[in-house]
Protein chains: 2
Amino acid sequence: MGLQKTLELLDVALGRRPADMVVKGTLLNVYSGELIPGTTVAIKKDTIVYTGPHRDELSGPNTLVLDAGDGVIAPGFIDGHTHLDYATPVHQLVCHSLPTGTTTIITETTDVMATLGTAGLMQLLDGLEHQPGNVFFLAPQVVLESFYEQDPCVDRENFRRIIEHPRVLGLGEVYWPLVTEGNHELLERIRMVQERGLQPQGHTSGARGARLAACAAAGISSCHEPITAGEALERLRLGLHVMIREGAIRRDLEAVTPLKDLGVDTRRLILCSDGVTPAALLAGRYLNEVVQRAIDLGWPPTAAISMVTLNVAEHFGLDHRLGGIAPGKQADLVVLPDLRQIEPRWVICQGRLVAEQGRSLVPAAPAGYPEDSDRGFQRWRFRPEDFDLNLDAEEVRVVQVGKGILTAETRRRAGEPGLNRLAVIDRKTGRPFVCLAEGFGLRSGAVALSFSWDGSHPVVVGVDGNEMAFAANRMAELGGGGVVCREGQVLAELHLPVSGTSDEESLSSTAKRLEAAESAIRSLGSSLSDPLLVLQTVTFTGLPSLRINPSGLFDVRRKTRVPLSLA
Amino acid sequence: MGLQKTLELLDVALGRRPADMVVKGTLLNVYSGELIPGTTVAIKKDTIVYTGPHRDELSGPNTLVLDAGDGVIAPGFIDGHTHLDYATPVHQLVCHSLPTGTTTIITETTDVMATLGTAGLMQLLDGLEHQPGNVFFLAPQVVLESFYEQDPCVDRENFRRIIEHPRVLGLGEVYWPLVTEGNHELLERIRMVQERGLQPQGHTSGARGARLAACAAAGISSCHEPITAGEALERLRLGLHVMIREGAIRRDLEAVTPLKDLGVDTRRLILCSDGVTPAALLAGRYLNEVVQRAIDLGWPPTAAISMVTLNVAEHFGLDHRLGGIAPGKQADLVVLPDLRQIEPRWVICQGRLVAEQGRSLVPAAPAGYPEDSDRGFQRWRFRPEDFDLNLDAEEVRVVQVGKGILTAETRRRAGEPGLNRLAVIDRKTGRPFVCLAEGFGLRSGAVALSFSWDGSHPVVVGVDGNEMAFAANRMAELGGGGVVCREGQVLAELHLPVSGTSDEESLSSTAKRLEAAESAIRSLGSSLSDPLLVLQTVTFTGLPSLRINPSGLFDVRRKTRVPLSLA
């Protein structure tokens, strides 16, 4: 903050010149935990300069005065764990988050990294200051698959460049098996991050006792994976910031809610999304919905709101500027009808009125995506035989899907009914690895999608090589996107030109096309409720069990590659 | 933390090798706010690697096992605001703090800076890693007196060097009038500190409303000056970390205690000393006494202990390593008989058993004081006429002392009874400024002391020039110290060879000599309960009202120099 700006803030605080904006109402003070009626919040530029009883000198002829009446003024919401990976480019995410009261987004970057590379990621980071909301990144995590090949997705030198960026708040979610096995590269990166005063975030799903303690001992500072009150309590006791996930991937809030009756301190509890869909954003549902759900489940409203404001800001060392309403803090706030109705009437971010009654008042600012982001897709051409199975035996390992985003290993004979072919295409070389999958339930056609977790390799599922080659070729022609086809006809498609993961133009068109694609997939025979989510996570080594990547099958529990054929 | 060390921590956490130390008892978990009986805390090197139910594999033949029985294991205490200035060198402070359970000290450095300069301060900072306790510094604050002469006690370049040291946690207590008047140098230093991710600490005594808000707007993050519950609440609501002072200078805890009945969140409340005397340290009274007092006043024990552990660590961004008991945190802990009896049976710091039943088990490690620290005193020789008053009129401004460490301006005729002469000697030039003081009550003799707040200039008070010159010359001969004399006889003296502020050798001898000096001062006629404290604070511009410095009288409320004589 420059000297001139500070002097202007002081002038307003001291009553020497009027504020730019004044908001009047009942203040939710997350520092003291109080509701304080009759409070005036005065704003100059992007900063709150005064909170307290009204003072006439704060308002001048050009001051925007928002009188909330009986309404509650709360801090803007902060999503402490989300992903930029699902069809929503960063500026669309920001623009559509603001009307929900979500003024700050802290996102993982592994997928962005896999598609844009270090230069693209740095370009994106540099462009964030022009966004009308606050966006922070976590450095790309250490990807299990890559590490088993001794080929980190980002090398140490580039990793260092990334963590030195002021918008990078830590290391992205660390998968716990890498910790307990003492992966040297991971531990070195934890050290690098800690030396910068930043914290490594954790993904400790299912870990407990000695292994969970080991993760904390190695420096993991948070976890967003507890799915019961007991798991949340164990993590809290270990000093971790506990993020309760309620979003696109899973909804754990109800199962964790019994925690509220144990009388524990809630200062280290956080509510997060772990990802939001375009459809939810367009419907105006994001952290507002999560907080509402927490209140409806019986969490005290003040605690619930602190779990998306001060608690998150403190965890990430942002509380000197974000997470509460007080002089010196950034002017990010929401005005609610009352403390139990999380429907923002006004949203102010960076001192600007950015949304009113669910409508955004600011245009999406252009994001800094590299113009030449991955166009490699367009050169690919597939033949049906590219999707042949390469078998040495009759009996094979099959990826079973359908239980959320978990997978299991089953063993089948290659010709058994109910199986589909599943392929992952190496993003760099365009070469597919093909295996069998059970649970997609396609009786005809194929589906291609140009991204997947965490390496962002394209994935294809279908009934045979002809169908799969057609879908994959159309996806390549589009330069990235999703395609559902049958017998040489496209049933549904969407264009994701930004690195094959998102479309900069219109989130509503993307959302409609995603919905149409899911309908089309169901018309091919699938009964999955979330078929595109299941498809994009067949590669995900952060959860059990049998996963695929461009070089083969991977058994997450045993932490080893396994052959397709059973001897 | 090096890779090899992390691997060793993981080995112990995972049960592959035994711990160095195991402590068993009821854990006070400051993260969850719970008391958890039957907990084992396992330590490897300086780090906690496991907390939870006992596991046999944690103990080996060389493991030190401390069984607390029904006792409570709590985190080591952190003093979030103290001063190294009062006769106690840093290694003596650390060594005597440990038996009280105080394992971390965060100290101001303005006085150290004034005596040692940047090079000495950096040398001291570099030597702290060898101490058996944890010591962190705040960068020298902006001293009011100096700034009015446009002569900061440390220039910007050296200030930058200081704040880049990893043991420097912020900017020392900022006096609020400098903020509200928009002092450019101060605001620039606040910015420099914030850019490092550090926080400026505040001294906002008496400020409220618009002016207090202005301090927060400018970036002040804490205050240790509230002396009522109302003042504490106002600061808490403004997002400040509120430090409740209970120590050598003042005891505010009882007056602030009604805050506990207001139902406010206590996460941003901190208990601090603002300075501890050698006598208190030698009697084993430091933060243990403060916490005990809080509990005796009715604060819930868990909240009171959090106010010297997690809350402090969070404020200073140290909570990734300090302030709680969990894997990955530094092994700093105290074992108490029970939650309401703050008498540490064992104290562990940095993984070592450092104290047992109030006795230190570790020798004082040598501190890194520069060997040639200020010997300039020894060249000084004063004549009686150096302490003559320089008057233009009969009526003069008089510094009135006696209300704690506040002063007031009174107006007297030079010859009136009950007045003493008071002098401040410029530490650089050896030149005194002389005025009149009321309230010391000396009827004979003089007192000289080789330090004072904040510029560390020597001070002398006495009945005439003969007595004052004798005392000052003896202080100079000693090369720093305190002298009480009458008619050419030394009644009491103490030697403070380290920059005229402390003695490296023996804290108990210093304490005894301080006590003897205070008795001697009373024998000269003074009825002040703390005459040496009053004397060393006549220079202090952080509190009202009339203060003196080497170039004259200063009116703190009017923020201006004032002449001695009234026209």
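In the block above lies the structure referred to throughout.
Residues numbered from 1 in each chain as written. Chains lettered and ligands numbered in written order. Predicted model: local features only at pLDDT ≥ 70, side-chain atom pairs only at ≥ 80, totals over all residues. Heavy atoms only, no water.

K.L.:
How do you make sense of the environment of B:Leu546 when you look at a structure like this?
P.N.:
All names here are of chain B. Residue placement: leucine 546 occurs in strand β25 (residues 546-549). Of the residues examined, leucine 546 reaches a relative accessible area of 1% and is grouped as buried. Those residues in contact with leucine 546 that sit more than four places away from it in its chain are Arg397, Val398, Val399, Thr407, Ala408, Glu409, Leu553, Phe554, Asp555 and Val562. (Helix = DSSP H or I, 4+ residues; strand = E, 2+ residues; numbered from the N terminus. Buried < 20%, exposed > 50% of the residue type's maximum accessible area, 1.4 Å probe, protein only. Contact = heavy atoms within 4.5 Å.)

K.L.:
So what exactly am I meant to see when it comes to the sheet that holds strand β27 (residues 560-562) of chain A here?
P.N.:
The strands making up a sheet associate through hydrogen bonds between their backbones, and the pairing can be parallel or antiparallel. Residues and elements named next belong to chain A. With respect to topology, 3 strands assemble into an open sheet ordered β25-β26-β27, the strand pairing being antiparallel. Each edge of the open sheet is held by one strand with a lone partner, namely β25 (546-549) and β27. The sheet shows a mean angle of 40° between the axes of neighbouring strands, taken without regard to direction. Pairing of β25 with strand β26 (residues 552-555), which is carried by 4 bridges, proceeds in the antiparallel orientation. Its bridge partner being in β26, isoleucine 548 is matched across the sheet by leucine 553. (Pairing = 2+ DSSP bridges. Axes fitted to C-alpha atoms, helices over the stretch in contact; angles between N-to-C directions.)

K.L.:
In this structure, what is going on with the relation of the copies chain A and chain B? I would like to understand it.
P.N.:
Two copies of a chain can be linked by a rotation about an axis combined with a shift along that same axis. You can overlay chain A on chain B at an RMSD of 0.1 Å; the transform is a turn of 180° with a shift of 0.0 Å along its axis. This pairing of chains is accounted for by a two-fold axis. It is A:Gly317 whose C-alpha, among those of chain A, lies nearest the rotation axis, at 3.6 Å. A share of 100% of interface residues in chain A that are also interface residues in chain B marks the association as one of identical surfaces. (Least-squares fit on C-alpha atoms with pLDDT ≥ 70 in both.)

K.L.:
What's the story with the packing of aromatic side chains in this structure? I'm lost.
P.N.:
What describes a pair of aromatic rings is the distance from one ring centre to the other and the angle between the planes of the rings. Tallied over the entire structure, the rule returns 8 aromatic pairs over all chains. Ring geometry for B:Tyr175 versus B:Phe540: centroids 5.6 Å apart, planes at 85°, classification edge-to-face. Of this pair, B:Tyr175 sits in strand β8 (residues 168-175) while B:Phe540 sits in the loop between α17 (531-536) and β25, and the two are 365 residues apart along the sequence. Residue classification places B:Phe540 among the buried residues on the basis of a relative accessible area of 3%. Centre to centre, the rings of B:Phe382 and B:Phe387 are 5.7 Å apart; their planes meet at 45°, and the pair counts as tilted. For the pair B:Phe382 and B:Phe387, a shared accessibility class is recorded, and that class is buried. Grouped by ring-pair contacts, the aromatic residues A:Tyr175, A:Trp453 and A:Phe540 constitute a single cluster. One residue, A:Arg167, lies across the ring of A:Phe136, its end atom 5.6 Å from the ring centre. (Phe/Tyr/Trp six-rings, centres within 6.5 Å; stacked < 30°, edge-to-face > 60°. Lys NZ or Arg CZ within 6 Å of the ring centre and 35° of its normal.)

K.L.:
Mind showing me how you'd approach the pairing of strand β23 (residues 481-486) of chain A here?
P.N.:
Regular strands place side chains that alternate from one sheet face to the opposite one. All names here are of chain A. Within β23, 5 of the 6 residues are buried, which leaves the element mostly enclosed by the surrounding structure. Bridge analysis of strand β21 (residues 446-449) against β23 gives 4 bridges, and the strand direction is antiparallel. In the strand pairing of β23, alanine 446 is matched with cysteine 485. The pairing of β23 with strand β24 (residues 489-495) spans 6 bridges and is antiparallel. Bridge pairing links valine 484 to alanine 492 in β24. Between β23 and β24, which follow one another and run antiparallel, lie 2 residues, and glutamate 487 among them has a positive phi close to 50°.

K.L.:
Explain unusual backbone geometry to me, please; I cannot follow it from the model alone.
P.N.:
With the exception of glycine, the majority of residues adopt a negative phi angle, and the majority of peptide bonds are in the trans configuration. Residue and element names in this part refer to chain A. Note the cis peptide between proline 544 and serine 545, where omega equals 5°. Locating serine 545 in the fold gives a position in the loop between α17 (531-536) and β25. Backbone geometry places glutamine 357, a non-glycine residue, at a positive phi of 45°. Its location among the elements puts glutamine 357 in the loop between β15 (352-356) and β16 (359-360). Residue glutamine 357 is classed as exposed on the basis of its relative accessible area of 52%.

K.L.:
What is the right way to look at the pairing of strand β26 (residues 552-555) of chain B in this model?
P.N.:
Residues and elements named next belong to chain B. Connecting β25 to the antiparallel partner β26 that follows it, the hairpin turn spans 2 residues. Direction of pairing for β26 relative to strand β27 (residues 560-562): antiparallel, over a ladder of 3 bridges. In the sheet register, phenylalanine 554 faces β27, and the bridge partner there is arginine 561. Linking β26 back to β27 in an antiparallel pair, the connection comprises 4 residues, with lysine 559 at a positive phi of about 55°.

K.L.:
Looking at this structure, I do not really get helix α8 (residues 209-217) of chain B. What am I missing?
P.N.:
Since the α-helix advances by 3.6 residues per turn, residues separated by three or four positions end up pointing in the same direction. For α8(B), the buried fraction is high: 7 of the 9 residues fall into the buried class. Along α8(B), the residues classified as buried are B:Ala210, B:Leu212, B:Ala213, B:Ala214, B:Cys215, B:Ala216 and B:Ala217. Where α8(B) is buried, its residues meet α1 (3-13) and β3 (47-52) of chain A together with α6 (176-180) and α9 (229-237) of chain B. One or two steps after α8(B), the chain reaches B:Gly219, where phi turns positive at roughly 115°.

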